[in-house]
Amino acid sequence: MPWSDISSLLIIIALACWCFSLMRKNDALKRENNRLLKKTGEYEDIKSEAKEILSTSTEVKVVKSLREKYGLSLVDAKKVVDSVK
């Protein structure tokens, strides 16, 4: 096996490990964000905004809007929308 193939394989493995590491860090930051939102009472503001949007839009669009604006997970955004229905 030529050295270029071996080095390419090592680079791919290193990049894959780095990607998985970044994904884990991203998940941890999302969990921390949700914890802080609950702690500071920001969820009340999110709920009132979701209620306003829900009056003129569909549930799916409200979930999508909350996910984009606040970085919520699908489950958390759905819980917020369900709590204001």
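Given the structure is predicted, the values throughout are model-derived calculations rather than measurements.

**Q** Summarise the overall build of the protein chain; cite the residues concerned and give the values.
**A** Secondary structure assignment for the protein chain yields four helices and zero strands. The secondary structure elements of the protein chain, listed N-terminal to C-terminal, are α-α-α-α. Principal-axis analysis of the C-alpha atoms gives the protein chain an extent of 65 × 30 × 15 Å. Burial analysis of the protein chain (85 residues in total) assigns 18% to the buried set. Counting only carbon and sulfur atoms, one obtains 63% of the accessible surface of the protein chain, whose full area is about 6500 Å². Here the protein chain carries 16 positive and 12 negative side-chain charges, and the mean point of each set is 3 Å from the other.

**Q** I'd like to hear about the packing of helix α2 (residues 42-56) against helix α4 (residues 74-84), residue by residue, with values.
**A** In the contact formed by α2 and α4, the axes pass within 9 Å of each other and the chain directions differ by 70°. Taken as axis vectors, α2 and α4 run roughly perpendicular relative to one another. Two packed elements cross with a definite hand, and for α2 against α4 that hand is right-handed. Of the residues in α4, those touching α2 at Y43, I46, K47, A50, K51 and L54 are D76, V80, S83 and V84. The residue makeup of the contact of α2 with α4, split by class, is six nonpolar, one polar and three charged.

**Q** Can you tell me about a nonpolar patch on the surface, naming the residues and giving the values?
**A** Taken together, the side chains of I11, L15, W18 and L22 present a nonpolar region at the surface, about 410 Å² in accessible area. Inspection of the secondary structure puts I11 in helix α1 (residues 3-40).

**Q** Describe the environment of K79, listing the residues and the values that go with them.
**A** Here K79 lies in helix α4. K79 sits in the exposed class, given a relative accessible area of 54%. Residues K79 and K47 lie 32 residues apart in sequence; the distance between their C-alpha atoms is 9.8 Å.

**Q** For helix α3 (residues 59-70), give the residues involved together with the corresponding values.
**A** In this model, α3 (twelve residues) spans 16 Å end to end at C-alpha, consistent with the 16 Å of a helix rising 1.5 Å per residue. Positioned one or two residues after α3, G71 has a phi angle of 70°, which is positive.

**Q** Describe the environment of K78, and please don't skip the residues or the numbers.
**A** Tracing the sequence through the fold places K78 in helix α4. Put simply, K78 and L66 are twelve residues apart on the chain and 9.1 Å apart in space, counted from C-alpha to C-alpha.

**Q** Tell me about the nonpolar core, and name the residues and values.
**A** Counting residues in each nonpolar core, the largest one holds twelve residues, listed as L37, Y43, I46, A50, V62, V63, L66, L72, A77, V80, V81 and V84. Counting residues per element, the ones that place at least two in this core are α2, α3 and α4. For this core, the leading source of residues is α4, giving four residues. Ignoring anything within four residues of it in the chain, the contact list for V81 reads E59, V62, V63 and L66.

So, how was this worked out
- Residues numbered from 1 in each chain as written.
- Predicted model: local features only at pLDDT ≥ 70, side-chain atom pairs only at ≥ 80, totals over all residues.
- Heavy atoms only, no water.
- Helix = DSSP H or I, 4+ residues; strand = E, 2+ residues; numbered from the N terminus.
- Buried < 20%, exposed > 50% of the residue type's maximum accessible area, 1.4 Å probe, protein only.
- Areas by Shrake-Rupley, 256 points an atom, 1.4 Å probe, with all protein chains shown as cover.
- Lys, Arg positive; Asp, Glu negative; His and termini not counted.
- Charge placed at Lys NZ, Arg CZ, Asp CG, Glu CD.
- Axes fitted to C-alpha atoms, helices over the stretch in contact; angles between N-to-C directions.
- Parallel < 35°, antiparallel > 145°, perpendicular 65-115°, else oblique.
- Left-handed = near helix turned anticlockwise from the far one by under 90°.
- Contact = heavy atoms within 4.5 Å.
- Nonpolar A, V, L, I, M, F, W, Y, C, P; charged D, E, K, R; others polar.
- Patch = residues over 30% accessible without salt bridge, like charges linked within 9 Å, V, L, I, M, F, W, Y side chains within 5 Å.
- Salt bridge = Lys/Arg side-chain N within 4 Å of Asp/Glu carboxyl O.
- Expected span 1.5 Å × (residues − 1).
- Core = buried A, V, L, I, M, F, W, Y, C linked by side-chain atoms within 4.5 Å.

Shape is all these values report; function is a separate question.
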